[in-house]
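Below, each chain spelled out in residue letters.
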Amino acid sequence: MTDHTPLPPARGCRDVPVLKQRGQREVFCGLTGIIWLHRKMQDAFFLVVGSRTCAHLLQSAAGVMIFAEPRFGTAILEEKDLAGMADAHDELDREVARLLSRRPDIRQLFLVGSCPSEVIKLDLARAAERLTRVHAPHVRVLNYTGSGIETTFTQGEDACLASMVPELPETEARELLLVGALPDVVEDQALALLSGLGLDRVRCLPARRRDEMPAVGPNTIFALVQPFLGETHAALERRGARHIAAPFPFGEEGTTAWLAAVAEAFGVPPERFNEVTAAPRARARKAIAAQSKELRGKRIFFFPDSQLEVPLARFLTRECGMEALEVGTPYLHRTICGPDLDLLAEGPVISEGQDVDLQLDRCRAARPDLTVCGLGLANPLEAEGLRTKWAIELVFTPVHFYEQAGDLAGLFSRPLRRRARLTGLERLPESAAP
Amino acid sequence: MKLSVWTYEGPPHVGAMRVATGMTGLHYVLHAPQGDTYADLLFTMIERRDHRPPVTYTTFQARDLGADTADLFKQACRDAYDRFRPQAVIVGASCTAELIQDDPGGLAETMGLPVPVIPLELPSYQRKENFGADETFFQIVRHLAKPMDRTPKVSANLLGPTALGFRHRDDIVEITRLLEELGIAVNVIAPMTASPADIARIGAAHFNVLMYPETGEAAARWCEKHLGQPYTKTVPIGVGATRDFVDEALSLAGVDALVDESRLRLPWWSQSVDSTYLTGKRVFLFGDATHVSAMARVAEAEMGFEVVGLGCYNREFARPIRALAREMGLTALITDDYLEVEAAIADLQPEMILGTQMERHIGKRLGIPCAVISAPVHVQDFPARYSPVMGFEGANVLFDTLVHPLVMGLEEHLLTMFREDFEFHDGAGASHHGGTAVPRLEEAEAPAAATAERPPVESTFEIVWRPDAERELRKIPFFVRGKAKRNTEKFAAERGVAEISIDTLYEAKAHYAR
Ligand code: SF4
Ligand code: SF4
């Protein structure tokens, strides 16, 4: 039977030594998370307190400028703000007041710290408290950092969600909490699956609107849908909530294992579990099979980017028949990624952090069939004859749970399929020419 | 502190990157945190470069602060030299590194690298991208260029083109060809295409062509003063400016030549009867000062448009733009706040915008066609085909660029004649634009978001259209209908008219007609 996932490997990657190098890192900072977080939280505004660089980063990472006035912006520090801290706070109050009066739809405001605001030690926590007092109850003001000196790419979402946890109301209810920003359509699918399992009181962090934010307490049981939520995980445990460890819901196997862990925690009978999951599992397997033809037997190399690398390597090796050469990740959270590491057969180099030049050397030497990397590296590697997949698409595209499993495989197979189609571009050798 | 959503210019170190990335044999060591590496994608994605920009970022982290960020810089500098073996190195700080005051220039100097090390001081909290490019190029020239014998044959340098510049790639080719036709050789093109060794022989040219004052003026001035090279003041965009430029170049070169205009099509294309409909089209211009002032002349004198407003985002060049606007009886808009630009456009309701990537978005939102004539630009403004905006071929390209967003002459007549015909029905759109089928997600969401997030027009009451007025409105060709509707509603709101009749419609039309 080819449509069943293999048994867990005899030896996984949980305890393999990790390659750590220190050099130039070619990654986004945590501010980037604002691009998807502001879409998810429909009454939130993200105000970066930073420099022109931060504003330019957001504009460039968004790729296409989003129409209308988006719910994010940068309060650009100027010379006079650097000189006197008191002034900087006054200026911030003024900008926030102006913004909120123009945007009555805003119910939650995040002050987002950047490298410059951290280096000058601008206390945004204090500012958030002060501004909450001024603008309550209509607007709640929180703060977190997305600075490049503290956070890498998806860690911005982690910092954002972690900043919300202490503010969540207390509850004694035994409830399941899903943690991590999912596109609405995927979130709805997950909720439908869970409801099929008999779990109807499921809450989500972040909620789409401030009024729908979940409560949390000692009887809360939470499951992460993204692997990069280490701080949020810790903050929830501090509130007494209990984490369900599981592989992440990518692909058929990951989704089933994730749902099974939840089902077990809530005592869902196995018959019911099978009843609910059988059809979508079969659909997912079929979709993956169709999309993964080009991937079977191919070798893949991950540059560090989103922290999704370990679960994705698990999916691609176990469900799509790929071989992982190197799995780079900006940060390896061994506890959270443990179940995925267990399933990833030993073999690939697991690397954490980066020296991009040395890693490029390794990549060129290995000549993988597919390289997962950032936008700065993709075209240069393509020009060297290496096929690439932009990592950023993995966080912008719906990829979780059964119904997206085929799309997820498709994200990786499309560059290979495209290259195979482009048969008319190479110059024929003299002798072969008619 | 100033709240900004979209910016016309990046920080000054991005300007330095545009210089470094355009050049060969140069490496930039930038003291900066990891997130600043996003700037690489501007070049690899927007401009589709097939190489990484020659930039090494130190990517210091919070835990390095106060401890060893200076060592980190020196290590990065040494590694970069060993790996890339550049002919020269430029070093500098991004906004964050500027605050920790490690002095990259001083540190690099003590390292004894066997090649010239050029320190950059780019004040991140005061200046922007164009300044960064101009200053960086100036510093490179100042450090490397020396007075030397002139080439035996008369020659010129082309100064100012950079990576990520609007059509710089093709303008270089066009101007090189134009000069060669005049018997003037091109000595060095810089910064784009030049190596540090090429910069060292800049002094051999007889004069300089300053193609882009935004990014090359400081260097041109320095060369004038220290190398005795005069430089051209006319930017050859458009027919008239190209002719003036030719005269200027010939007089600086001290040669006489007849210029071959056989490639130039704009004059006839503009005079042919199909172009009659372009007469007096009301256009709004916004962009960098150089492109805006050149295009104002093209728009008025070569296309027959009426310029109803203009401005630029680079304050460094506010003065000439203000003067130009005054000459045209207008007030210049000098701002880098796109919301102000949008407000100005919404207010003037031009029939076309000549602007940047930003104005393209503004135009989509307001339903006004836009042609892009200046940086900042997006990936679609780096076309595969040859498309300069300078010189004679550039003028031809401009004609097409300015006409393309509009519905064409014959088509406009047909639409009026057959407006009830099924093929020319409302939804059809300009037949050569095609893209009306399924708008992209972001775009599709836009109008809803725009209405939801914007305060309504200054009226507090609901304006309704009487059925006959609405029927009349539907008879107006679709490509001007949106504007007619908005104008009429604005007109009604201003006069406290709650119900729009056919009369209101035509009164508004008369009011806005010029
Ligand atoms: S790395 Fe720091 S300075 Fe750069 S964009 Fe991110 S937060 Fe701003
Ligand atoms: S639709 Fe075709 S024929 Fe008509 S004006 Fe446009 S390009 Fe010409």
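Residues numbered from 1 in each chain as written. Chains lettered and ligands numbered in written order. Predicted model: local features only at pLDDT ≥ 70, side-chain atom pairs only at ≥ 80, totals over all residues.

Before going further, it helps to spend a moment on the nonpolar core. The biggest cluster of nonpolar side chains holds 257 residues, and the ones touching the most others in it are A:Leu47 and B:Leu285. For B:Leu285, the contacting residues outside a window of four places in its chain are B:Val292, B:Met295, B:Ala296, B:Ala299, B:Val307, B:Leu310 and B:Leu354. Grouped together as the second largest cluster of nonpolar side chains are five residues, A:Cys115, A:Val119, B:Phe60 and B:Leu99 included. (Core = buried A, V, L, I, M, F, W, Y, C linked by C-beta atoms within 7 Å. Buried ≥ 20, exposed ≤ 12 C-beta atoms within 10 Å, placed from the backbone. Contact = placed C-beta atoms within 7 Å.)

Residues and elements named next belong to chain B. Taken together, three strands build an open sheet; the order of strands is E7-E6-E8 and the sheet is parallel. With one partner strand each, in any of the chains shown, strand E7 (185-190) and strand E8 (207-210) form the two edges of the open sheet. Recorded for the sheet is a direction-independent mean angle of 25° between the axes of neighbouring strands. Where strand E6 (residues 155-159) and E8 come together, four bridges link them in parallel fashion. Paired with Ala156 across the strands is Phe207, a residue of E8. (Pairing = 2+ DSSP bridges. Helix = DSSP H or I, 4+ residues; strand = E, 2+ residues; numbered from the N terminus. Axes fitted to C-alpha atoms, helices over the stretch in contact; angles between N-to-C directions.)

Here we take up the pairing of strand E2 (residues 44-50) of chain A. Taken residue by residue, a regular strand's side chains alternate between the two faces of the sheet. All names here are of chain A. In terms of residue burial, E2 counts as a mostly covered element, since seven of its seven residues are buried. Along E2, one buried face is formed by Ala44, Phe46, Val48 and Gly50 and the opposite face, lined by Phe45, Leu47 and Val49, is buried too. With six bridges joining them, E2 and strand E4 (residues 108-113) adopt parallel strand pairing. Each bridged residue has a counterpart across the sheet, and for Phe46 the counterpart in E4 is Phe110. Sheet topology note: the E2/strand E3 (residues 72-76) ladder contains five bridges and is parallel. Across the sheet, the residue bridging to Leu47 is Gly73, located in E3.

Tallying the contact residues gives 52 residues for chain B and 54 residues for chain A. Of all the elements in the fold, those that place two or more residues in the side of chain B that touches chain A are strand E1 (2-4), helix H2 (40-46), strand E3 (55-57), helix H3 (69-84), helix H4 (95-100), helix H15 (357-366) and helix H18 (441-453) of chain B. If you tally residues by element for the side of chain B that touches chain A, the top one is H18(B), at seven residues. A class-by-class count of the residues in the side of chain B that touches chain A yields 22 nonpolar, 16 polar and 14 charged. Direction of pairing for E3(A) relative to E1(B): antiparallel, over a ladder of three bridges. From the neighbouring strand, A:Thr74 faces E1(B), where its bridge partner is B:Ser4. (Nonpolar A, V, L, I, M, F, W, Y, C, P; charged D, E, K, R; others polar.)

In the vicinity of ligand 1 lie 16 residues, with A:Cys29, A:Cys54, A:Cys115, A:Gly148 and B:Gly35 positioned nearest. The environment around ligand 1 is built from residues contributed by chains A and B. Mapped onto the shell around ligand 1, the elements with two or more residues apiece are helix H2 (52-61) of chain A together with H4 of chain B. No other element matches the three residues that H2(A) contributes to the shell around ligand 1. Looking at the shell around ligand 1, its residues break down into seven nonpolar, eight polar and one charged. (Near = placed C-beta within 6 Å.)

Another aspect to go through is the domain arrangement of chain A. Residues and elements named next belong to chain A. The domain boundaries assigned to chain A delineate domain 1 (19-25 + 287-421), domain 2 (30-151) and domain 3 (176-280). Centre-to-centre, using C-alpha coordinates, domain 1 lies 25 Å away from domain 3. Contacts between the two partners involve 27 residues from domain 1 and, on the opposite side, 24 residues from domain 3. Looking at the side of domain 1 that touches domain 3, the elements that each hand over two or more residues are helix H12 (309-319), helix H13 (334-343) and helix H17 (402-421). Across the side of domain 1 that touches domain 3, the residue classes tally to 16 nonpolar, six polar and five charged. (Domains from an automatic or database assignment.)

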